Amino acid sequence: MPIENSPFKVAVIEQVLANENNDARFERFANSVVSAIEGGAKVLPTSASWDLGRDGVGVGKATGLYVCSSLRDDIDNKTLEDIERISTTTHNISRLYFCLSNRISEHRRAQFEAQLGAETDSKFPITCLGGNHLGKH
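Here is what the cut-offs are and how they apply
Residues numbered from 1 in each chain as written. Predicted model: local features only at pLDDT ≥ 70, side-chain atom pairs only at ≥ 80, totals over all residues. Heavy atoms only, no water. Helix = DSSP H or I, 4+ residues; strand = E, 2+ residues; numbered from the N terminus. Expected span 1.5 Å × (residues − 1). Contact = heavy atoms within 4.5 Å. pLDDT = per-residue confidence, 0-100. Axes fitted to C-alpha atoms, helices over the stretch in contact; angles between N-to-C directions. Parallel < 35°, antiparallel > 145°, perpendicular 65-115°, else oblique. Left-handed = near helix turned anticlockwise from the far one by under 90°. Nonpolar A, V, L, I, M, F, W, Y, C, P; charged D, E, K, R; others polar. Buried < 20%, exposed > 50% of the residue type's maximum accessible area, 1.4 Å probe, protein only.

### Thoughts on helix 3 (residues 75–89)
1) Next: In this model, helix 3 (15 residues) spans 21 Å end to end at C-alpha, consistent with the 21 Å of a helix rising 1.5 Å per residue.
2) Next: Elements that come into contact with the buried residues of helix 3 comprise strand 3 (65–70), strand 4 (95–100), helix 4 (106–119) and strand 5 (126–129).

Now the structure itself:
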């Protein structure tokens, strides 16, 4: 098995993410993962301040794609804060990713996606990815 697909690599990435404390570094990592998921779409970082609730913005063929990411432990509050902010500052959302450094179960992931979808009247698809999901891409 090649190293890029190894359980060891995934475990290391999950541990690094669980202990990450640099917002900008995690945002760059999350944007890179979303870019890979989206088939190499260009996802640019946003400014460190006044980012309008967005940490990544798709350009070119990926226009309308946005990434929110968080290292915070209070995931429930953070995701609701972000969805409220991005919904009021951004009007051309075609898809949104929430990337969290914490591990989340599939059950919890489905709950987040349903809750956030309800907050936005399901106007666009929302994908939540925990550290355990990000480590596999």
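### Comments concerning the confidence of the model for the protein chain
1) Next: Chain-level statistics for the protein chain give a pLDDT mean of 87 and a share of 93% at 70 or above.
2) Next: For the protein chain, the element scoring lowest by mean pLDDT is helix 1 (residues 7–18), at 80; strand 5 scores highest, at 96.

### Regarding the packing of helix 3 against helix 4
1) Next: The interhelical angle for the contact between helix 3 and helix 4, taken along N-to-C directions, is 30°, at an axis separation of 10 Å. Relative to helix 4, the element helix 3 is oriented roughly parallel. Here the hand of the crossing between helix 3 and helix 4 comes out right-handed. In this structure, helix 3 contributes Ile75, Asp76, Thr79, Leu80 and Ile83 to the contact, and helix 4 contributes Arg108, Phe112, Gln115, Leu116 and Glu119.
2) Next: Considered class by class, the residues forming the contact of helix 3 with helix 4 number 5 nonpolar, 2 polar and 3 charged.

### A look at the environment of His137
1) Next: The topology assignment puts His137 in the segment after helix 5 (131–134).
2) Next: Residue classification places His137 among the exposed positions, given a relative accessible area of 55%.
3) Next: With 49 residues separating them along the chain, His137 and Thr88 place their C-alpha atoms 30 Å apart.
4) Next: Residues contacting His137, with those up to four places away along its chain left out, are Val33 and Ile37.

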